[in-house]
Amino acid sequence: ACVAPIPQEIAEVCAHFKLPWAYEKLKAHPRNPILRLGRIRVRIKESRDGAPINPEVPTKKELLRKMGKIIPTLPSRKSRKIVLPGEEKIEIPGSAGGPGGMTKKEMKRLAKKKKKKGKK
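Below or above, wherever it landed, is the structure these notes cover. Quantities reported herein were computed from a predicted structural model and do not represent experimental measurements.

Reading the values: the criteria
Residues numbered from 1 in each chain as written. Predicted model: local features only at pLDDT ≥ 70, side-chain atom pairs only at ≥ 80, totals over all residues. Heavy atoms only, no water. Buried < 20%, exposed > 50% of the residue type's maximum accessible area, 1.4 Å probe, protein only. Helix = DSSP H or I, 4+ residues; strand = E, 2+ residues; numbered from the N terminus. Contact = heavy atoms within 4.5 Å. Salt bridge = Lys/Arg side-chain N within 4 Å of Asp/Glu carboxyl O.

Our next topic: helix α1 (residues 7–16). Among all positions of α1, only P7, E9, A11, V13 and C14 are buried. Check the buried side of α1 and you find it contacts β1 (21–28), β2 (37–42), α2 (60–70) and α3 (75–79).

Here it is in structure tokens:
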């Protein structure tokens, strides 16, 4: 498995398997359009006869499996610090979270609690 892959890493794997790909930087997943902009479109099969372009990667599922194995070993991946969305630390002066601060999720949960108290 691979945590938080970026489009450039996916493109590197596609180039490794010699699969044609295209980067669409303004496209995003409909459930999470703000956090992750960018999409890679990959052609796995020939448009004429439906045969796989690369026999090692005959299906999308197999491509995703291979990406999960290869992306963690990429040199660019080893030098990149991975922070999951919602997990980045935010420093708040005088917070009970200590020197690490609070995550965005903790801050949202705290804000919801304050709103509920104000409604009573």
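Next up on the list: the pattern of salt bridges. Using the criterion set out here, one finds five salt bridges in the structure. E9 is the salt-bridge partner of R77, the closest N and O atoms lying 2.8 Å from each other. One end of the pair, R77, is in helix α3; the other, E9, is in helix α1, and 68 residues separate them in sequence. An identical accessibility class is assigned to R77 and E9; each is buried. Of the charged contacts in the structure, one is a salt bridge between E24 and R41, with a shortest N-O distance of 3.8 Å. With a gap of 17 residues between them, E24 in strand β1 and R41 in strand β2 connect regions that are remote in the sequence. Its relative accessible area of 22% is what places E24 among the partly exposed residues.

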